[in-house]
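Geometric and topological summary
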Amino acid sequence: MKTKKVLLILATALVVTGCSSVSINFDSDKSETQEDVATVAATAENDSDDAETADDTASTETSAETTVEGEAVSDAELEEFTKLFNVMDLNFGFLYPEYNSPEEIKWDEVIGYPNGLMEEKLSDEERKEIFGYVEEDPMEPWVVKNENLTKFIKKKTGLDVKVDAKDVPRWEYNEKYDVFLISDNPWGQDTPLAEGKFVSGTKSGNLYELTFHPGNESFDEESKQPDRVITFEKSGDDIVIKSNKILKK
């Protein structure tokens with residue numbers, strides 16, 4: 001942009017110099033010649049500004065084109081992934097909160113029904129320490145060892161993370177056995193997400209970007225959920241989570 005302006009200024013200077021020598025011999029045309037020079041300079045400057053504005057606009061429009069290119073996902077695959085994200089599967093929770101990367105995930109907002117993670121059998125000593133009683137109660141929280149949670153996070157995101165109790169305020173923590181007590185799920189007992197499905201998407205190799213549409217039909221306006229776009233990488237029969245963007249209603 002600056003090079004263009006320098007050249008235009010030099011050109012204008014040459015015009016001024018040439019026209020000035022003529023105006024010395026023809027005094028009656030002096031004022032008219034100066035006006036012509038001024039007009040040429042102004043026109044050149046305006047043309048430069050217009051060109052710069054056009055270039056900047058083109059640059060802005062180019063930078064705004066961030067759509068990921070890929071082939072359309074088939075209806076069969078959309079149905080397959082809908083089943084993979086059913087409410088009783090650990091994948092389901094990744095639809096709930098918004099995050100731009102795995103590092104932003106709040107795990108007490110993702111894990112609701114920790115199927116495959118909870119401890120099925122606890123000793124009387126463990127139960128006494130964790131719950132304060134030995135007898136089993138069907139309403140008691142699920143117990144998840146931190147080491148199992150670490151393995152799960154590694155599998156689902158690739159991150160080597162050990163969850164700190166302060167980062168999961170919805171859960172209770174027992175330091176002696178290094179376990180979390182999960183008493184409820186973050187999305188409640190009834191949610192449109194549980195009745196939703198994937199409706200469209202693109203893929204590039206094993207990288208998928210799918211739009212999930214909640215089943216809002218039977219819910220009131222306050223309970224309805226907006227669509228979301230979740231990105232993940234398919235790894236064999238499993239998935240590795242990348243991001244989840246909640247769209248505006």
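Above this text is the structure in question.
On a predicted model such as this, the values are computed, not experimentally measured, just so you know. (Residues numbered from 1 in each chain as written. Predicted model: local features only at pLDDT ≥ 70, side-chain atom pairs only at ≥ 80, totals over all residues. Heavy atoms only, no water.)

**A short note on empty space enclosed by the protein**
Picture a little ball the size of a water molecule; that probe, rolled over the atoms, points out where space is still empty. Keep this limit in mind: Only protein atoms enter the 1 Å grid used here, on which a cavity is any set of points holding a 1.4 Å probe that cannot leave and a pocket is any open set flanked by protein within 12 Å on both sides along at least five of seven lines; residues with an atom within 4 Å of a point are listed as lining. Grid points are joined across faces, edges and corners, and a volume is the space filled by probe spheres set on the points. Polar here means any residue other than Ala, Val, Leu, Ile, Met, Phe, Trp, Tyr, Cys and Pro, which are nonpolar, and Asp, Glu, Lys and Arg, which are charged; Gly is therefore polar.
Across all of its chains, the model carries one cavity of 30 Å³ or more by this definition. Within this model, the largest cavity holds a volume of roughly 40 Å³. Around the largest cavity, the lining residues are Val-87, Asp-89, Leu-90, Gly-93, Val-110, Ile-111, Gly-112, Tyr-113 and Trp-187. Taken together, the residues that form the lining of the largest cavity break down as six nonpolar, two polar and one charged.

**As for the environment of Ile-182**
Rules: Put simply, DSSP marks the helices as runs of H or I at least four residues long and the strands as runs of E at least two long, and each gets a number from the N terminus on. Buried, partly exposed and exposed residues are distinguished by accessible area as a fraction of the type maximum, computed with a 1.4 Å probe on protein chains only: under 20%, between the cut-offs, and over 50%, respectively. The contact criterion used throughout is that any non-hydrogen atoms of two residues lie within 4.5 Å.
With respect to the secondary-structure elements, Ile-182 resides in strand β4 (residues 179–182). The exposure class of Ile-182 is buried, given its relative accessible area of 1%. Considered as a pair, Ile-182 and Asp-108 are 74 residues apart in the sequence and their alpha carbons are 8.4 Å apart. The residues touching Ile-182, leaving out its near neighbours within four places in the chain, are Ile-111, Gly-112, Pro-114, Pro-141, Trp-142, Val-144 and Trp-171.

**Focus on the packing of aromatic side chains**
Put simply, the test is: A pair of Phe, Tyr and Trp rings is counted when the ring centres sit within 6.5 Å of each other, with Trp represented by its six-membered ring. The angle between the planes then sorts it: under 30 degrees is stacked, over 60 is edge-to-face, the rest tilted.
Enumeration according to the criterion identifies 16 aromatic pairs in this entry. Taking 5.5 Å as the distance between ring centres and 20° as the angle between the ring planes, the aromatic pair formed by Phe-131 and Tyr-133 counts as stacked. Taking relative accessible area as the criterion, Phe-131 reaches 16% and is therefore assigned buried. Residue classification places Tyr-133 among the partly exposed positions, given a relative accessible area of 26%. Aromatic pair Tyr-173 and Phe-180: ring centres 5.1 Å apart, planes at 45°, arrangement tilted. Residue classification places Phe-180 among the buried residues on the basis of a relative accessible area of 1%.

**A look at the layout of surface pockets**
Here the largest pocket is characterised by a volume of approximately 380 Å³. Lining the largest pocket we find 17 residues, and of these Asp-137, Pro-138, Glu-140, Pro-141 and Trp-142 sit closest to its centre. Sorting the residues of the lining of the largest pocket by element identifies α5 (124–131) and β2 (142–145) as the ones contributing at least two each. Here the residues of the lining of the largest pocket sort into nine nonpolar, one polar and seven charged.

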